[in-house]
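Residues per chain are reported as follows:
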Amino acid sequence: MDNFCGGAFWNTTLLLENTWPQLTPCFVDLVVTCAPCLMFWLAIPCHVYKEESSRVDRQFSYPVSRLNVAKLACCCLLCVLVVLQLLEHVFTATSPAAIVGDSVLLLTLVAATLMTQYERSRGVITSSPLFVFWLLKTGCDVIPLYTKVMLKDYERDAGKFAEFVLGYLVTLTMVLLYAFADPVAVFFTNKLHPAGERGCPETTTSFLNQLTFAWLTKLMVLAYQRGVEMADMWDLNPRDQSVNLVRVFERIWGQEQQRCSRINKEQPNVHYINGHLPKHSHSSNDLTDERTPILGNGHPKTNYILTQQNGTSNSAFRKKRSMTRSSGSEETLYESYETEREDVLFHQGEGPKMTQNMQIGNTRPSLVRVLFRQFGGTMAVCLAQRLMADVFLILNPLILGQLISHLNTRQEGREWHGYVLAAALLLFGTCRTVFQALAIYRAYYVGLQIKSVVIGAVFNKALRINNEAKKKATSGEIVSLMSVDAQRLQEFISRIFFGITIPLVLISVIAIVYSYVADAAFAGVVVLVVLIPLTGLAGACQKLVQEKLLFFKDLRIKTFNEILNGIKVLKLYAWEESFERRVAEVRGQEVRCLMKVAMLYVLLGLCFNMMAFLMTLATYGWYVLSHSDHFLDPSAAFVIMSLLNVLTPTLDSFGMLISFFVQAKVSVRRINDFLCSPELDFDAVSHVTKPGEAIRVEKATFAWDDTQYPILKNISVTVPTGRLVAVVGPVGAGKSSLISSFLGEMVTLRGHVALKGSVAYVAQQAWIQNATVRDNVLFGQAYQRERYNAVVKACQLERDLSILPAGDMTEIGEKGTNLSGGQKQRVSLARAVYSDSDVYLMDDPLSAVDSHVGKAIFSDVVGPRGILKGKTRVLVTHGVHWLPLVDEIVVLRQGQITEVGSYTQLMRHNGDFAQFLKTYFTQDHNNDGEGEDEEDEELTDPEVVEMRRQILADVESATTDAATSGDDMQIRIRGFLPRRKKRKDRDRRHQAERHKGKGRQSAYDEVDPVMEDRGKLILSETLVKGRMPFHVYLHYPRAAGLVSLLVAALCFASFRAASVGANFWLRQWTGDPVLTNQSTWGSEVFVNTNEYYLTVYGIFGVLQVVLLLAYNALYWVRTIQASSRLHDRMIRKLFRAPMAFFDTTPIGRIMNRVSTDMEIVDNLMPIIFRDLVSTFTVLLASVVVLVVVSPTSIVVLLPLAVFCYFSLASYVPMSRQCRRMEAVTRSPIFAHFSETITGAATIRAYRATQRFVQESKIRVDDNQKFYFAWMAGLRWIQMSLDGVTNVVIFMAAILEIVSPNPSGGAAGLSVSYALQLTYTLNYLVRQVTDFETNVVSVERLKEYSEVPSEASWVNEQKRPAPDWPARGGVELRGFQTRYRPGLELVLKGVSCQIKGGEKIGIVGRTGAGKSSLSLALFRLIEATGGAILVDGINIADMGLHDLRARLTILPQDPVLFSGSLRFNLDPFGQYDDVALWRALQQAYLHEFVQGLPGDLSYECGEGGLNLSVGQRQLVCLARTLLRKTRILVLDEATAAVDMETDALIQATVRHAFSTCTILTIAHRLNTIMDYDRILVMDSGTVREFDTPANLLTKPNSAFAAMLRDAGLA
């Protein structure tokens, strides 16, 4: 080696025993010169691979720029200099080591030159390996430079020295050149962004700026100058965008499904008997299929009843037997379907125990595995960076030990040792800062990416789950997955790297401590061994509690979501108290779980806060007591203390990590379960049919899910292309189910379904988006004026648009709140017509519209001459008079197709169709007998009369039942004939109205911003700007109890003071003259002194334990109390908020408060507030110790404090506003999700799933970009403040070095506390900003806890009599009202008097004020003038519940809640079973409910999902019958139901409420013809109020005109 080097390779004496640090020439040539080169050659392959793999995203090379030319020139100049040096070394016979070093350097420079041009050709903006190479080379060249200076080479050979200095300056220039991004590359990169988009500056900045986060400085300056607004924010880095992340996730998830499929296929077949797995079986054979769609559950089309074997299945189904319960009610047990194969036998026995997705013995896709595959590489880099940061963190205490030793044994001429050690503290601190910032930044953006992936995956899955999965995962629970669980997963991933290196740090610390105190180090290990299992046990307990906590949280969110969906019904029925108690009960369980978690936090906080001190005490105690001459010298004592202090934040983060791990584990399981839940089978409907066929179903059997008996059985039907097919049958026959089966919404148990071409679907309950009318109609398609106008006209929307505030640019509220039932249905129909699809599936769209409108729609849209002629149309209808005009009729009865054919074919015999018509007319005839003037308005239209007369004649000829024969038939027909003479007049009026509508087309042809503003309904969410008022900061402490928190803070301050006192005592201990005097070592005085110091040190520890325990217990109890109070205040206010608040506030926005904001207040705010107090006291203690030990340090601290202030003044406003904007943009995500889930069937039918998924991704990215800016800003401030703390550490060391009387103990104490500043200051800033940004959630809860309330529920001074209203008389005296302040009056001086017991029909055009009148009666909108008197009492004087509980309304939309049928009928439990069954019998539900499993205990599902629309309306009718107050309001109660259900409701109302005052807002005018009086409303005023007979005699009567328009006069 010496020959190769030409001397020694290493010389310790030359380095350390010298007046300056000198290295050997060989070491400089081989190590110092080659180290940067080695790094370069190691990094280049990875760099090239990365660029080549990302070339698809960046396919351009930019022209040669000035910066590029400068780099090339400098590289060439350096190559020339190195070549000259190499030639000199060769010709002067210098050592081989120098030649090797020069050769390696020359090759590296040539490679760097080529790499510069390679990166230009790949469009690389900045080069990380080249910047690091030049930076390292510049740093390494300092060594030979100062060596030449110290050896005065400039005197011996000035030319060579100048050559070296020139090379160094060129190298330094290269560092500067690579510190900037190439502007030409930036220009070309920005050109790639679409117009209007702002690229993330991180992608176009230099590597140095990326390291220091300087690319955020511009935003920070902007925030300091005027604050940050939404328009200032750039888009997400493409690396973090949902569209890229979710695409990769879906691909890997699909691969994971295929892996599980292969594993499951290798397992033996399984035979399930009675829902159980036989002992000899282990798993099912083929429960997965590689064709399963991405994000599917890995299961094939088969259900649990029939498992595929060898890819085949036989399907002979039969009902096994019926059994009778002992109670007398019949229970049909379907041992389901039994295959003809002997080796596959399944019995349902216990029903739901076996489902499609049960994983008995099966391998299912793992979310953790998929996420690790997708993000594992990034996590590995993050882990490496964190390890490097920890290495430098541990090196600092070691250097401190060397510094203390140097100060204790200072030698003349060796002063440079101290300065080098101080510089090393600065260098290592800077390296730790950079690596830690990069590691945390990477961890945070991985957390962001995983949250985006989870939200995207859950959203996609929610659009695919089948009905069985919907029973287990309601929309509220899925919102919880997207908000709470995704957030918890993000928090865990963001923090996992704080604790993942803890084992390595522990081992390193223990090893270093062992090197100082030998066996005494194991005393600290014993403390760890005792405390770590204790914390592990606490973590296990926490996991169990967290599972319960999430269950109750889900239940609360689900319950409140349903409450918000039905809030109008709750207020109308005065049910708020019942549901508020329901929420309070769930919240109470949740708070109890939170309290248990808090007690575990008390234990964990005590363990982790005291762990470092207890380890120190045990180590010191063992060391001094194990041998009589052991004493703690300052070097060992303060190095050990510093090392164990390093563990304090590390172990504290470990305690936090346990909590987050437990939460994340539960959340991952929940998300994984949801992603593996059963899906709709998208292969169930084939898109290949025979020529001329649009729909073909062959021998198919359908069920809503695998756990239920089939709804449709043995269905075989063919729909030819271009034909109009009607589907008819009695209520519950399965008509809507048939449409759903065509769409693939049902489980196909057997058979085949094929549908060719695009589909348009009009649901029975219209789904309306929270968008403008135009957007609802266009539904993502381009606006074509002529086509759009034609569709609007055909769907009879012209008049409706003319009266809306902004025409078709009027915003429609959630679920179409500001549209009537008929308007919603027509908008839904217009959407279908505008789609220009091949197949139209219409589920009774005409039932919700007026008869004359229905006739026009049939003629202009659906019928043979309508706009859809030539299209394939399947129409479910109850309008039997249209049946002769359709091409084919499908008759359903009890879930089976009994007849198919044209009207003529079906009427040739007395089949099910003829019987259906006979039943229909007989029922209609019976209903006619209820009142003299009541007739179906459609029966009076001359065209309809003619058709129905022919139908009646056909029925008469086809059937033999006397009920519709002979004289009775003639009576009915003669009743229609007199009105034929009105036909021409009515047609003329309709034609005139159509022409008049043409003149209004231009009102909504183009988008007018003014009109758009006028049509705005939903208020934008308030975005608070600037610093929060001080009272907002105090809101959380006040909720917790200010006095209690102050006492807790005092306890913690005392704990910190005791900790500082213990360290000063340690300084006194290590500097005691008795102990430092070697002559006393081993003596009794020496031993007693040691024991004395140790005892007092232990007393300090006991005091800390007591104070810390008191603080933790008091703090956690009070913060849970704060969370409970904030929730209760908000919920209380929301239940008492006026209806106008819910009309203008999206449900998603409220749910954001209830879920995400409440989650932050429940779980994050206590931790953040605790850490803020803890870190502030540590910082305060560190500053005090520095000033006390070294008063001159205040000269350094003051300017640094000024720098910190200005840094914070820039960062805090930006951080605060970003979190506010992140919170505001979070609500639209959940609002869009809730809306999408509601209309999932419609979205799937239109094949618009990807558009809605894309919209969700855009909203997620819009939300995440603010979180990303906040997170990057946190790293920016960390770099700034860590730089400050590194300077403080450096200056503390320098001040001790230059001190005239240096002390090892003083240096150890001051530098130890300065080292604490390394993480304390940065952590404090993070906690301050975390508190300020998360207190936004407190602010948002506070905002909703201050929502203006409606009038009090009970007015004790003016309570009505118990029997009020006794008569039911209603009087309006000049009544005026508006929906919200600032809007126009909707009722303008209405005056009328209604006698008790009268039946009043309220009619008028859309917008006349009919519904406003009913809302005013219930005081959902308050009077602005006049009064309403009920039995002579002003309703404005009494409490709302006293009023609403004495009135009854049957609203238009049938709203049910998840829960039992009993709960939906009687939430307060006021009625016994006899009353409930009587109400059900009157509502025609008695037999239906008796057939349900559990009868009154039957679960209705979310929103009554398990019941049909008609059944839900009848349940609402039964609910009304139970109350049976003296006043009943029918608010278009039958507008959304079919005519059969309408007839049932009308008959029941007439019979059960015969003595009551009835106010009916009429949808079908025939239903009010026998009423006592008719109230005609027009533009908010009373136009007419008289008996029907009197109104009909008036020639200019508005009511008579309406009857003529409807064909009733």
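Preceding block: the structure.
Residues numbered from 1 in each chain as written. Predicted model: local features only at pLDDT ≥ 70, side-chain atom pairs only at ≥ 80, totals over all residues. Heavy atoms only, no water.

Caption draft 1: Main features of the pattern of salt bridges. Counted under the stated rule, the structure contains 53 salt bridges. For Arg259, the salt bridge identified is with Glu256, shortest N-O distance 2.6 Å. Here the residue Arg259 and the residue Glu256 both occupy positions in helix H14 (residues 242-265), the gap between them amounting to 3 residues, near one helical turn. Glu256 gets classed as buried once you look at its relative accessible area, which sits at 1%. Ionic pairing is found between Arg556 and Glu590, a salt bridge with its closest N-O pair at 2.6 Å. One end of the pair, Arg556, is in helix H20 (residues 521-565); the other, Glu590, is in helix H22 (residues 576-626), with 34 residues separating them in the sequence. Each member of the pair, Arg556 together with Glu590, is buried. Taken together, the salt bridges that share partners define one network made up of Arg488, Lys553, Arg556, Arg587, Glu590, Glu1159 and Asp1162. (Salt bridge = Lys/Arg side-chain N within 4 Å of Asp/Glu carboxyl O. Helix = DSSP H or I, 4+ residues; strand = E, 2+ residues; numbered from the N terminus. Buried < 20%, exposed > 50% of the residue type's maximum accessible area, 1.4 Å probe, protein only.)

Caption draft 2: The arrangement of the sheet that holds strand S16 (residues 1423-1430) in detail. Strands sit in the order S14-S13-S16-S17 across an open sheet of 4 strands; the sheet is antiparallel. Strand pairing shows two members of the sheet lacking a second neighbour, strand S14 (1387-1394) and strand S17 (1433-1434), which therefore form its edges. Bridge count between S16 and S17: 2 bridges; the pairing is antiparallel. Looking at the pairing, Leu1429 lines up with Asn1434 of S17. (Pairing = 2+ DSSP bridges.)

Caption draft 3: How the structure looks around a nonpolar patch on the surface. On the surface, Val80, Val83, Leu84, Leu87, Val90 and Phe91 cluster together to form a nonpolar patch covering roughly 550 Å² of accessible area. By the secondary structure assignment, Leu87 is in helix H5 (residues 66-91). (Patch = residues over 30% accessible without salt bridge, like charges linked within 9 Å, V, L, I, M, F, W, Y side chains within 5 Å. Areas by Shrake-Rupley, 256 points an atom, 1.4 Å probe, with all protein chains shown as cover.)

Caption draft 4: Region of the structure containing the sheet that holds strand S19 (residues 1527-1531). Strand order in the open sheet formed by 6 strands is S18-S19-S20-S15-S21-S22, with mixed pairing between adjacent strands. The outermost strands of the open sheet, each flanked by one partner alone, are strand S18 (1447-1450) and strand S22 (1581-1586). Direction aside, neighbouring strands of the sheet carry axes that sit 20 degrees apart on average. With 5 bridges connecting them, S19 and strand S20 (residues 1557-1561) associate as parallel partners. Directly across from Val1529, in S20, lies its bridge partner Leu1559. (Axes fitted to C-alpha atoms, helices over the stretch in contact; angles between N-to-C directions.)

Caption draft 5: Summary view of the side chain of Asp153. Residue placement: Asp153 occurs in helix H9 (residues 153-156). Within the local environment of Asp153, its side chain forms a polar contact with the side chain of Arg156, the two groups lying 2.3 Å apart. For Asp153, the contacting residues outside a window of four places in its chain are Lys148, Ala158 and Phe161. (Polar contact = N/O pair within 3.5 Å; in protein donor to acceptor, adjacent residues only side chain to side chain. Contact = heavy atoms within 4.5 Å.)

Caption draft 6: Region of the structure containing helix H6 (residues 96-121). Compared with the 38 Å implied by 1.5 Å per residue over 26 residues, the 38 Å span of H6 between its first and last C-alpha is a close match. Downstream of H6 by one or two residues, Gly123 has phi in the positive range, about 70 degrees. (Expected span 1.5 Å × (residues − 1).)

Caption draft 7: Up close: the packing of aromatic side chains. Within this structure, the stated rule accounts for 51 aromatic pairs. Their ring planes at 25 degrees and their centres at 5.8 Å tell us that Phe249 and Trp253 sit as a pair that is stacked. In this pair, Phe249 and Trp253 are both assigned in helix H14, 4 residues apart and thus about one turn of the helix distant. When its relative accessible area of 1% is taken as the criterion, Phe249 is described as buried. Residue class for Trp253 comes out buried when judged on its relative accessible area of 0%. (Phe/Tyr/Trp six-rings, centres within 6.5 Å; stacked < 30°, edge-to-face > 60°.)

Caption draft 8: Fine view of unusual backbone geometry. The peptide bond linking Trp1364 to Pro1365 adopts the cis configuration, its omega dihedral lying at -10 degrees. Along the chain, Pro1365 falls in the loop between helix H46 (1304-1344) and strand S13 (1370-1377). Positive phi, normally seen in glycine, also occurs at Lys152, with a value near 55 degrees. The backbone of Asp1431 shows a phi angle near 50 degrees, a positive value even though the residue is not glycine. Turning to its location among the elements, Asp1431 is positioned in the loop between S16 and S17. You can call Asp1431 buried: its relative accessible area is 12%.

Caption draft 9: Spotlight on the nonpolar core. Among the nonpolar cores identified, the biggest contains 278 residues, and Phe560, Trp1069 and Leu1417 are the most heavily contacted of them. Element by element, the count of residues in this core is highest for H22, at 23 residues. Within the second largest apolar cluster, 55 residues are counted, among which are Leu778, Cys795, Trp882 and Phe913. (Core = buried A, V, L, I, M, F, W, Y, C linked by side-chain atoms within 4.5 Å.)

Caption draft 10: Summary view of H5. Along its 26 residues, H5 runs 38 Å from first to last C-alpha, staying within 8% of the 38 Å computed at 1.5 Å per residue. Every buried residue of H5 is accounted for by Leu67, Asn68, Lys71, Cys74, Cys75, Leu78, Cys79, Leu81, Val82, Leu86 and His89. Where H5 is buried, its residues contact H6, helix H7 (128-140), helix H10 (158-178) and helix H11 (183-191).

Caption draft 11: Representation of the environment of Val876 within the structure. Mapped onto the secondary structure, Val876 falls in strand S10 (residues 872-876). Among the residues examined, Val876 registers a relative accessible area of 1% and is labelled buried.

Caption draft 12: Expanded view of the packing of H14 against helix H16 (residues 415-462). The geometry of H14 relative to H16 is characterised by a closest axis approach of 9 Å and an angle of 65 degrees between their N-to-C directions. Overall, the two elements H14 and H16 adopt an arrangement that is roughly perpendicular. In the crossing of H14 with H16, the sense of the turn from one axis to the other is right-handed. Between H14 and H16, the contacting residues are Ser242, Leu245, Val246, Phe249 and Glu250 on the first element and Gln449, Ser452, Val453, Gly456, Ala457 and Asn460 on the second. Residue composition of the contact of H14 with H16, by class: 5 nonpolar, 5 polar and 1 charged. (Parallel < 35°, antiparallel > 145°, perpendicular 65-115°, else oblique. Left-handed = near helix turned anticlockwise from the far one by under 90°. Nonpolar A, V, L, I, M, F, W, Y, C, P; charged D, E, K, R; others polar.)

Caption draft 13: Quick look at the state of the cysteines. In the structure shown here, the tally under the stated rule is 0 disulfides. There is no disulfide at Cys676, and the cysteine sulfur nearest it, in Cys260, is 7.7 Å away. (Disulfide = S-S within 2.5 Å.)

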